[in-house]
Amino acid sequence: MEIRLENLTKVFTDKTGRETRAVDKLDIVIESGKLIALLGPSGCGKSTTLFMIAGLEKPTEGRIFFGDDEVTKLAPEKRGIGLVFQNYALYPHMTVYQNIMFPLENLKIKREEAIARVHEMANLVGIGELLERKPGQLSGGQQQRVAIARALVKKPRVLLLDEPLSNLDARLRLQMREEIKRIQRETGITTIFVTHDQEEAMSISDQMVVLNFGVKQQVDAPQEMYNHPDNLFVAKFLGNPPINVIQGEVKKGTLFADKKKIGVVKAADGEYPVGLRPEDFKVDPEGFEVDLKETFHIGRDTLIHFELNGTDVRALVDSDDVEIGAKKVKLSVKKNKIHLFDKESGSIVSHE
Ligand code: ADP
Ligand code: MG
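What comes next concerns the included structure. Here the residue index of a chain counts from 1 through its sequence in written order. By the order in which they are written, chains take letters starting at A while ligands take numbers starting at 1. pLDDT decides what is reported in this predicted model: residues at 70 or higher carry local features, side-chain atom pairs at 80 or more are listed and counted, and totals for whole chains, interfaces and linings draw on all residues regardless. Hydrogens and water are ignored here; the side-chain numbers use all heavy atoms of the structure.

So, about the site of ligand 1. Nearness is judged by heavy atoms alone; a residue qualifies as near a molecule or strand once a single heavy atom is within 4 Å of it. Surveying the vicinity of ligand 1 reveals the residues Phe12, Thr20, Ala22, Pro41, Ser42, Gly43, Cys44, Gly45, Lys46, Ser47 and Thr48. Take glycine 43: an N or O atom from its main chain is 2.6 Å from an oxygen atom of ligand 1. A distance of 3.1 Å separates an oxygen atom of ligand 1 from a polar atom in the backbone of glycine 45. Here the accessible surface of atoms and residues is derived via Shrake-Rupley with a 1.4 Å probe, and residues count as covered only by protein chains that are part of the display. For ligand 1, the accessible surface in isolation is 560 Å², of which the surrounding protein chains cover 58%. Comment: elements are numbered from the N terminus, with helices defined as DSSP H or I runs of at least four residues and strands as E runs of at least two. Sorting the residues of the shell around ligand 1 by element identifies β2 (19–30) and α1 (46–54) as the ones contributing at least two each. A 3.5 Å cut-off defines polar contacts: any pair of N or O atoms within that distance qualifies, except that in protein one atom must be a possible hydrogen donor and the other a possible acceptor, and neighbouring residues in sequence count only when both atoms are side-chain atoms.

On to empty space enclosed by the protein, then. Any residue with an atom within 4 Å of a point lines the site, the site being either a cavity, points on a 1 Å grid over the protein atoms alone where a 1.4 Å probe fits but cannot get out, or a pocket, an open set with protein on both sides within 12 Å along at least 5 of 7 lines. Grid points are joined across faces, edges and corners, and a volume is the space filled by probe spheres set on the points. By the definition in use, this model includes 1 cavity of 30 Å³ or more. Size it by volume and the largest cavity reaches roughly 40 Å³. Lining the largest cavity are Leu5, Ile28, Ile30, Ile36, Leu38, Thr49, Ile53, Ile192 and Val209. Each residue is assigned to one class: nonpolar for Ala, Val, Leu, Ile, Met, Phe, Trp, Tyr, Cys and Pro, charged for Asp, Glu, Lys and Arg, and polar for all the others, Gly among them. Residues of the lining of the largest cavity, tallied by class, amount to 8 nonpolar, 1 polar and no charged.

When DSSP finds two or more bridges between two strands, those strands count as paired. Here 6 strands make up an open sheet; going across it, the order is β6-β7-β8-β3-β9-β10 and the pairing mixed. Bordering the open sheet on either side are β6 (81–84) and β10 (215–220), each of which pairs with just one other strand. The sheet shows a mean angle of 15° between the axes of neighbouring strands, taken without regard to direction. Bridging between β6 and strand β7 (residues 158–162) involves 4 bridges; their strand directions are parallel. Looking at the pairing, leucine 83 lines up with leucine 160 of β7. Along the sheet, α1 makes contact with β3 (35–39), β6, β7, β8 (190–195) and β9 (207–212), crossing β7 at roughly 150°. Every axis corresponds to a line fitted to the C-alpha atoms, with the helix fit spanning only the stretch in contact, and the corresponding angles, defined between N-to-C directions, vary from 0 to 180 degrees. When checking whether two residues touch, look at their non-hydrogen atoms; a contact exists if any pair is within 4.5 Å.

Time to look at the layout of surface pockets. One water molecule sets the probe size; rolling that probe over the atoms shows where empty space is left. The computed volume of the largest pocket comes to approximately 600 Å³. Forming the boundary of the largest pocket are 21 residues, of which Ile81, Leu83, Pro103, Arg150 and Lys154 lie nearest the centre. Looking at the lining of the largest pocket, the elements that each hand over two or more residues are β6 and α4 (140–152). Partitioned by chemical class, the residues of the lining of the largest pocket number 14 nonpolar, 3 polar and 4 charged.

Right under this line is the structure:
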């Protein structure tokens, strides 16, 4: 089911009349059958967007479509959505079986059909053996599997997940990422996965929507967005270690920083914030020379630390290329990896 958001806006007004634009004129088309990550820092409007899609928050403006159906004013239970939250929200006194069955209780579905569906969903999420347990007897990962089975048992048109892995420890989180991907692929259900964790979003999704202060920043496939960020916010939000941002100056098609020739670019003369990812440097005898402040050999990679134009820069280069104890090294930036941004707006000018 395709999901379309048109000019979707939510303004909260507190008692003193102060307004928060939690979601601001969002236009997004989410293709049917895809897993989309809604990504951004805490407070950027991810949950509010999800709750409007679910029907739990009323938009101030704008419209929501599932396929050709407008659902903007439809009650949540009529939208055909499955919802999963960070805190599993299972009924503690019910068994796993009863928890998954619960959404079917008031539907006009034959008993045998309902029972078959509970088993189907429990098996799909890998908890078929645990149906008689109570939530308190399950691990966090298992509880979240139950919550996903419960969200899917009504065969929703859309699955909405709000930071579903944030309560899990690191190892389980990685495992559940894979599981959610698999479940989504097996069911083919259009899924929106909310997270503030860029690495989680990059690893799980087909497409990412990045928000900041309720405003859409970019919509793209993860690797495409990583390689071609549309603005400084996205460039800085994706990547660990983060992108370096230095001040550079373009003169006749050459980018300089600290009088060093960084590379050749297609941009008008002037000053630019320049984004350089740590892994996009390489040791190059023809390159510009930097004084090393620190060097950490980490197996095959070496993390080097130097300054450009007064800014600390970190680069990851091949250990074979840096002598132990070296004080200086010559570097260049790989092709298409110099990101120039407009110094007023932060929008991308060129990737070269
Ligand atoms: P996220 O899920 O990305 O962390 P939210 O959607 O929860 O962000 O919140 C977006 C903004 O809207 C925040 O500034 C938050 O404080 C505000 N907000 C969210 N819900 C309410 C509410 N019910 N009343 C007032 N402000 C709210
Ligand atoms: Mg939230």
